[in-house]
Amino acid sequence: MAAEPGILAPLDVERIRRDFPILSRQVRGRPLVYLDNGASAQRPRAVIEAERDYYERHHSNVHRGVHTLSQEATGLFEGAREKLRRFINAASTKEIVFVRGTTEAINLVSQAWGRPRLQPGDEIVITWLEHHANIVPWQQVCEQTGARLRVVPIDRRGVVDLDAYRAMLGPRTRMVAVAHVSNALGTVLPVREIVAMARERGIATLVDGAQAVPHQRVDVRDLGCDFYAFSGHKLFGPTGIGVLYGRERVLESMPPWQGGGDMILTVSFERTTYNTLPFRFEAGTPNIAGAIGLGVAVDYVESVGMERIARHEHDLLDYATSRLLTVPGLTIIGTAPEKASLVSFVLDGVHPHDLGTILDAEGVAIRTGHHCAMPVMDFFDVPATARASFAFYNTHAEIDALVRALGIAREMLG
Ligand code: PLP
């Protein structure tokens, strides 16, 4: 594992920013202030170069060829799998399935784990603050099997009601699927506790880690979950690649999801036998360059240090929260005591979309909309929010630029 830099040494953010070519570009004649990392983060040069190097020197299909390029590509691809295993402390590379992203990972579990075993009346428990990616696949499998979805409520801060959760776990509960961090509110869920309560009752668990892995160290064995899903593009890696972690014993018990090349051992017209883990769940030619790029992204964040990243982002969150609260008419949506580095807000009399457009004219990129979490918007009775989401390359000066741009928006629209 890459050496963790001294825990007390602060991040050299200016040096880090130089590793991200896009951060030095201008938008509408102003320096880019990129505060949409929750939707997709930017890539360091090392990731961009790794993908290019792969295409320029090593590209071939994996697992199939005896020739040199195929072996090199396979070595790089499987090397990336090992990096991802280490990153989340999975027990084996058999537990690391490459997928397109969090959405595909959850669809895989709902169909390959859920569909064959759910019976009418069985229950799947999620929470009110889930991203659509952790709602819709479960709704679909409920429609297919007659199972039903149960939703744990949240309070006005955006905190999940653990008592209600405990009360919801019953003899028909088969799966608990929860976000690690809410993308709409920033709430960090007590997933270790949530998972433990489910496991005590023999219930399977899935954690949607899309918004967690870029911000904090994740140890799937410590969490104890059966499945953990995340996307490369939010973790400073390429788009179109992500990871489904699955406990080996559980993956072994599941039929394949998609059929095709690479997931088989033998095929005849009478009968097909399936490959071992994790290949059984990786039908077809994978995103080889994406996986290699993601491995390099993981090397990069580990060289910066997850603990130092978490500390810097906490500082950004505190600073942004206090600065935003000085803006007249601004209300923060999502005030949980445990939050990751994002702030959702609304501004009196200004529609978030108009706000996003004016901020863009100032070079400030934030996200506006329902953040693929419509039930959260309904709960807070807002059509949409504006969301500033931070990464370790963001600075106090950028938060000042956001607040300045909000002042301009208020004058124009408020
Ligand atoms: N889950 C959460 C909490 C998210 O924030 C996102 C993306 O915003 C997703 C799932 C879906 O991720 P992807 O679109 O990369 O599959």
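Just so we're clear, the structure is a prediction, and the values are computed from it rather than from any experiment.

1. Observations regarding the pattern of salt bridges
- Applying the stated criterion across every chain yields a total of 29 salt bridges.
- Here Asp36 ties to Arg367 by a salt bridge, and the two come within 3.0 Å at their closest N and O atoms. Pair noted here: Asp36 is in the loop between strand E3 (33-34) and helix H2 (45-58) and Arg367 is in strand E16 (residues 367-369), with a separation of 331 residues, a long-range link.
- Ionic contacts of the salt-bridge type, sharing partners, join the residues Lys83, Arg86, Asp299 and Glu302 into one network.

2. A word on the site of the ligand
- All residues in the neighbourhood of the ligand are listed as Gly101, Thr102, Thr103, His131, Ala133, Asn183, Asp208, Ala210, Gln211, Ser231, His233 and Lys234.
- Between the ligand and Asp208, the relevant distance is 2.5 Å, taken from a nitrogen atom to a side-chain nitrogen or oxygen of the residue.
- One of the side-chain nitrogen or oxygen atoms of Lys234 is found 2.6 Å away from an oxygen atom of the ligand.
- Calculation on the ligand without its partners gives an accessible area of 390 Å², and the protein chains cover 84% of this total.
- Judged by the proximity of its atoms to the pocket grid, the ligand belongs to the largest pocket.
- Classifying every residue of the shell around the ligand gives two nonpolar, eight polar and two charged.

3. Describing H2
- With 14 residues, H2 should reach 20 Å at 1.5 Å per residue; the first-to-last C-alpha distance of 19 Å fits that figure.
- Among the residues of H2, those classed as buried are Val47, Ala50, Tyr54 and His58. Buried residues of H2, seen end-on, are gathered within an arc of 55 degrees and therefore sit on one face of the element. Turned more than 90 degrees away from the buried face of H2, the exposed residues are Arg52, Tyr55 and Glu56.

4. Description of the sheet that holds strand E13 (residues 330-333)
- Reading across the sheet, the four strands line up as E13-E14-E17-E16 and stay open at both edges, with antiparallel pairing between neighbours. Unpaired on one side and paired on the other, E13 and E16 mark the two borders of the sheet. Direction aside, the axes of adjacent strands within the sheet are offset by 30 degrees on average.
- Where E16 lies against strand E17 (residues 385-389), three bridges are found, and the strand directions are antiparallel. Note that in E17 the partner of Arg367 across the bridge is Arg387.
- Running over the sheet, helix H11 (residues 306-324) touches E13 and strand E14 (342-347) and is turned about 10 degrees from E14.

Quick notes on the rules
Residues numbered from 1 in each chain as written. Predicted model: local features only at pLDDT ≥ 70, side-chain atom pairs only at ≥ 80, totals over all residues. Heavy atoms only, no water. Salt bridge = Lys/Arg side-chain N within 4 Å of Asp/Glu carboxyl O. Helix = DSSP H or I, 4+ residues; strand = E, 2+ residues; numbered from the N terminus. Near = heavy atom within 4 Å. Polar contact = N/O pair within 3.5 Å; in protein donor to acceptor, adjacent residues only side chain to side chain. Areas by Shrake-Rupley, 256 points an atom, 1.4 Å probe, with all protein chains shown as cover. 1 Å grid on protein atoms, 1.4 Å probe; cavity = no way out; pocket = protein on both sides within 12 Å on 5 of 7 lines; lining within 4 Å. Sits in = over half its atoms within 2 Å of the grid points. Nonpolar A, V, L, I, M, F, W, Y, C, P; charged D, E, K, R; others polar. Expected span 1.5 Å × (residues − 1). Buried < 20%, exposed > 50% of the residue type's maximum accessible area, 1.4 Å probe, protein only. Arc of directions from axis to C-beta. Pairing = 2+ DSSP bridges. Axes fitted to C-alpha atoms, helices over the stretch in contact; angles between N-to-C directions. Contact = heavy atoms within 4.5 Å.

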